[in-house]
Every structure is written in C-alpha cells, then in structure tokens.
Amino acid sequence: MKNLLPVILMVTSGFSYADEQQTEQVITQDTETESQPETRGNSYISRGNYIQNPYIGMPSRGDTQNVSESELTRDNVAQKWFADGTWNVFGAASYVDQNGYNNYGYAVNIFGQTGQVAGFSFGGLLTIANPFFSSQWNPADPENQAQGLSIMKQVTPQELFAEYQYSDIIQADVGWIGISNSPWMTYYQNNALNMVTYQGALVNVNPGGGWLLTGFAINGAQLLGEEGFSQQTMYNSGFDNGTATGNIGDAGSSSTVAAGASWSTPGQMLNLRLWGYAFADYANMAYADTTIKLPINDELGFTLGFQGAMQCQNGDGNILNNNGYGNSVSSNMIGAQLGFNYSIFGIQFGYNNIWGPTDGYEAGGLVSPYTYQYATDPLYTTGWIQGMVERSSGQAYKIAPSLSLLDNSLIISPSYQYYATTIIPASNEYDIQLSYSLPQVKGLTFFGAYGYVTDADPDGNGVYQAQLMVSYLY
C-alpha cells in the first residue's frame, strides 16, 4: 500500500549509451502502458537493444553511442569488450507518506555491459540504496514502511549475467537477470529506487514474421530492498502489509518456468501476446492479450484491448491452501479496454471480471507471486495502489484520462477504479500521477502521485499514499 502527503525529491544520476531507436522496455506504474505488448518481434533482438539494461529508451544526458559495422570490424578485441558496450548510472531519492508515516529513500544504480565478441557479452547492475540513516529516518514497523520504494539498506549486485546473441535471431541471458517482456513478472517501476531481478536463464528467439518467442526458468528472486536472491515471493510475511497472506511465513516458491509468444504487425497496428507460467507451489497460468490500434488521422485514434487468463493449482503442497487460504487455486479472468486519443488528450476505459469457486483462494482470485502488492500486473483495472490481484474475485472498472503538455514533457494521468469484490467490501480508488521531464536538462525527471483507497480494511477505513520523486539519468 502507498501513502503520501508532504513533498521531497528523488534525485537520479545515470549514465547510458542507449540506442534511442530501440524498443522502450520501461515498465511504469501506469497500468495502461503495462497492459500493452512491449516487444516488437523484428527489433527486440539486436546488438544495440540491451534488454538487460532497465534504462534503455529513457531520456538520458549521455545520449546514444552508435557503433557502426565498419567500426566494429576495425576494433580489436579489447575495444569490443570495453568500448563498444553500454553503461548507465542512476541516482534516486524519494519521499513517501504511507498511512501518515514519513518514509525517505535514496539510491544509486550502476549498469554496465560489454560489447560483443563472437556473440558473447557480459554485464551487471550494482545498486547502492539507503546506505546511511535509513533506520533513523524511517518507521520501524513494517506495516508503515514504504516497502515498494524501498527504504531498506541494499548494497548488492542486482544483475550479473552472461549473454549470447546470434545475429538478430537468438539471444540468451544467464545469471542474475531482469525480465522485461513478461506481463506477470515485475522488473522496473518508474517510482521505485531500483528493481526486481531474478536468478535463472532467459532465451528470446526471433523467427521472423513479427514474432518473438520467449522462455525462461528461475529459481530465485531479489525483491525490492533485499540483499541477495531467495525463493521468497510477495506473498511471504516479510513483505506483507496486511493484505492477506501473513500465515505462510517463509514458505517460498522453488521455481518459475514460463514461455511466451508475442506477435505484431508492421507499425504496431495489431499486437498479440500468449504466455504460460508455472509458479511452483502456487499456480499454473495461461494468459493472453491483444491490442488493436484504429487511427483516424494524425491526431485522432482509438485503441481496443482484450485479455484473458485461466489458473489452476501447481503442486499438491500448494502454499496458499496449506496455510488456510482457500481449498484450491482456480481462477478465470477476462478484460476489455477502450482507448481514445485526440491531440494532447487521451482517455481509457477498462473492465475486468475475475471468478472461480467460492471455496478457492480469494473465492477464485488470481495468484501472482511477483506482482502482488506492487500493483504492476497487466490487468486493465489495476490502480496505482492496488488492483484485483491484491483484493479478490469480482468485477472492476477503471477510467483513466491523460493530458500531455509542454511538447510531451508534462504528463498528467488521473484515474478512478471501482472494485466490486466478492468476499471483501467493495471499494473505490482515486489516483493522480504527474511526470515532468525537464527539457533543458535531458534525463532529469520529476514524478509525483497521490492515491486514496476507500474501505481498505475490514473496519471500512480508507488509506492514502503520496509520493514525490526526482530523477536524473546520464
């Protein structure tokens, strides 16, 4: 849960030589963006599209380093390793008021990846977050801490990986990695100090025709604020803000295996994603979504989106059921979204229906071990603070207008969500997010948000969260 009244800054300083023509892989807290396919089958795999770099595609002071084929041919091995890669430095500081408690956090993240030699390259990301004064500044009770920021001391490598790329057809990443194109696995958030990374292997294949095939297997995750990888998920008690699953204690998930296929037409007029997940001892999931763009002219257009999912139990020793949360994991979901844009104005309407057996987890609610409480799932109705994954089965509605000003430097995005849940009281969520990228200082971005959820607990109390953040990426 998120809360904030006062104001503070979050400063970021980052270094990146990123190809600005690459696919943007930034995953924001704006669910409308998250629900759209991020991959473009014909360009996702390329020498300049560093998919392990969370800052690729973001405005940066360092601009873009483009190494031509002729330069690569002339460069020796040492130059290819150390001069033809990419690097970023990102520094951040933020203030969050959560349930009336002040939370402060700051971080510097350093990403680097070598150039390729015979298709191989190596890279990593080091985070230095809240090394001093965190315990003095911030609340001691975990329920009052902004764990999604996070305010924990975290000095650790988040990524250390080996990568192999064959032409623009196959790419494999092994080690401590980010997964940027999977809809149900959290990676980068635009209001967090760093990110969630995974221990495992990731393979992407571009067979042509607009397709991108992806598969991965992980046996651990490093969640926000954690030092080191473990089998803990966001359902474990150490990360619970009172939203449902404190009883499972430290019982973790041994692995997640997933496979996905993304397809898009030239110009991204039609996108399709199909994914299957096996979250060990939690759930098996099949998920699909599609987006159709209907442009009328250069300024006017419509967007249609549809999504659906099915879940069943994974393993006889299901963690949730064994600890008193329902008798099974069984869920169904459908969703639809209509978007309209005209010049600087846009608006989106979202709907989701989630159902299942009444004796199941959350009466048929969806299980999502790595987006729960982060509110980063791809559902069309997820708000800034919560979504149906954090609540239960039922129906949800969302309306989200947006306004783009000052040559797209200032984006204002209010939203309203209504959750007609089955086993907990219905509630409303009211949000507003603002993002301003200062044109005079490329890479400097200010972010602010406020959210309020009604009937957030059994006593009918509401909660609010507010945040201010400033970031700079070089």
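Please refer to the structure higher up on the page.
It should be emphasised that the depicted structure is a prediction, and the values quoted were computed from it without experimental measurement. (Residues numbered from 1 in each chain as written. Predicted model: local features only at pLDDT ≥ 70, side-chain atom pairs only at ≥ 80, totals over all residues. Heavy atoms only, no water.)

What about the nonpolar core?
Okay, step 1: By size, the foremost hydrophobic cluster in this structure holds 63 residues, and its most contacted members are Phe216, Tyr235, Tyr277 and Tyr282.
Okay, step 2: Membership of the second largest hydrophobic core comes to seven residues, among which are Ile385, Ala449, Val453 and Val463. (Core = buried A, V, L, I, M, F, W, Y, C linked by side-chain atoms within 4.5 Å. Buried < 20%, exposed > 50% of the residue type's maximum accessible area, 1.4 Å probe, protein only.)

Focus on the packing of aromatic side chains
Describing an aromatic ring pair means giving the distance of the ring centres and the angle of the ring planes.
Okay, step 1: One pass over the structure, following the stated rule, counts 24 aromatic pairs.
Okay, step 2: Here Phe132 and Phe133 contribute two aromatic rings whose centre-to-centre distance is 6.3 Å and whose plane-to-plane angle is 55°, an arrangement assigned as tilted.
Okay, step 3: Owing to a relative accessible area of 49%, Phe133 belongs among the partly exposed residues under this scheme.
Okay, step 4: Ring geometry for Trp211 and Trp263: centres 6.2 Å apart, planes at 40°, overall tilted. Remark: Trp263 occurs in strand β8 (residues 256–264) and Trp211 occurs in strand β7 (residues 211–222); sequence separation between them is 52 residues.
Okay, step 5: Among the aromatic residues, those joined into a cluster by ring pairs are Tyr95, Tyr104, Tyr106, Phe132, Phe133 and Trp137. (Phe/Tyr/Trp six-rings, centres within 6.5 Å; stacked < 30°, edge-to-face > 60°. Helix = DSSP H or I, 4+ residues; strand = E, 2+ residues; numbered from the N terminus.)

A look at the side chain of Asn428
Okay, step 1: Tracing the backbone through its elements, the reader meets Asn428 in strand β16 (residues 427–437).
Okay, step 2: By relative accessible area, which is 17% here, Asn428 ends up buried.
Okay, step 3: At 2.5 Å, the side chain of Asn428 and the side chain of Tyr416 are in polar contact.
Okay, step 4: Those residues in contact with Asn428, other than ones at most four positions away along the chain, are Tyr416, Gln417, Tyr418, Tyr452, Val453 and Thr454. (Polar contact = N/O pair within 3.5 Å; in protein donor to acceptor, adjacent residues only side chain to side chain. Contact = heavy atoms within 4.5 Å.)

Digging into the pairing of strand β17 (residues 444–453)
Okay, step 1: Most of β17 is tucked away, with seven of its ten residues classed as buried.
Okay, step 2: Summarising the sheet, β16 and β17 pair through nine bridges and their orientation is antiparallel. Note on β17: the bridge partner recorded for Gln433 is Ala449.
Okay, step 3: Relative to strand β18 (residues 463–473), β17 runs antiparallel, the two being bridged by ten bridges. (Pairing = 2+ DSSP bridges.)

Some thoughts on unusual backbone geometry
Okay, step 1: With an omega of -10°, the peptide bond between Leu149 and Ser150 qualifies as cis.
Okay, step 2: Within the fold, Ser150 resides in the loop between α4 (134–137) and β4 (154–166).
Okay, step 3: Positive phi values are uncommon outside glycine, yet Ser343 reaches one of about 55°.
Okay, step 4: Inspection of the secondary structure puts Ser343 in the loop between β12 (330–342) and β13 (345–355).
Okay, step 5: Classification of Ser343 as partly exposed rests on a relative accessible area of 41%.

Looking at the pairing of strand β15 (residues 410–421)
Okay, step 1: Bridging between strand β14 (residues 394–405) and β15 involves nine bridges; their strand directions are antiparallel. Paired with Lys398 across the two strands is Gln417, which belongs to β15.
Okay, step 2: Connecting β14 to the antiparallel partner β15 that follows it, the hairpin turn spans four residues, and Leu406 within it adopts a positive phi of roughly 55°.
Okay, step 3: Hairpin remark: β15 followed by β16, antiparallel, with five residues in the connecting loop.

Some thoughts on the pattern of salt bridges
Okay, step 1: Under the criterion given, the structure shown has one salt bridge.
Okay, step 2: For the salt bridge of Arg273 with Asp289, the shortest nitrogen-to-oxygen distance reads 2.6 Å. Here the residue Arg273 occupies a position in strand β9 (residues 270–279), and Asp289 occupies one in strand β10 (residues 283–295), the gap between them amounting to 16 residues.
Okay, step 3: Note on Arg273: relative accessible area 1%, which makes it buried. (Salt bridge = Lys/Arg side-chain N within 4 Å of Asp/Glu carboxyl O.)

With respect to the environment of Thr186
Okay, step 1: Note on placement: Thr186 falls in the loop between β5 (170–177) and β6 (197–208).
Okay, step 2: In sequence terms Thr186 and Thr197 are eleven residues apart; their C-alpha atoms lie 8.2 Å from each other.
Okay, step 3: If sequence neighbours within four positions are ignored, Thr186 has contacts with Val196, Tyr198, Tyr370, Thr371, Tyr374 and Thr376.
Okay, step 4: Here the side chain of Thr186 touches Tyr370 through a polar contact of 2.5 Å, landing on its backbone oxygen.
Okay, step 5: Within the local environment of Thr186, its side chain forms a polar contact with the side chain of Thr376, the two groups lying 2.6 Å apart.

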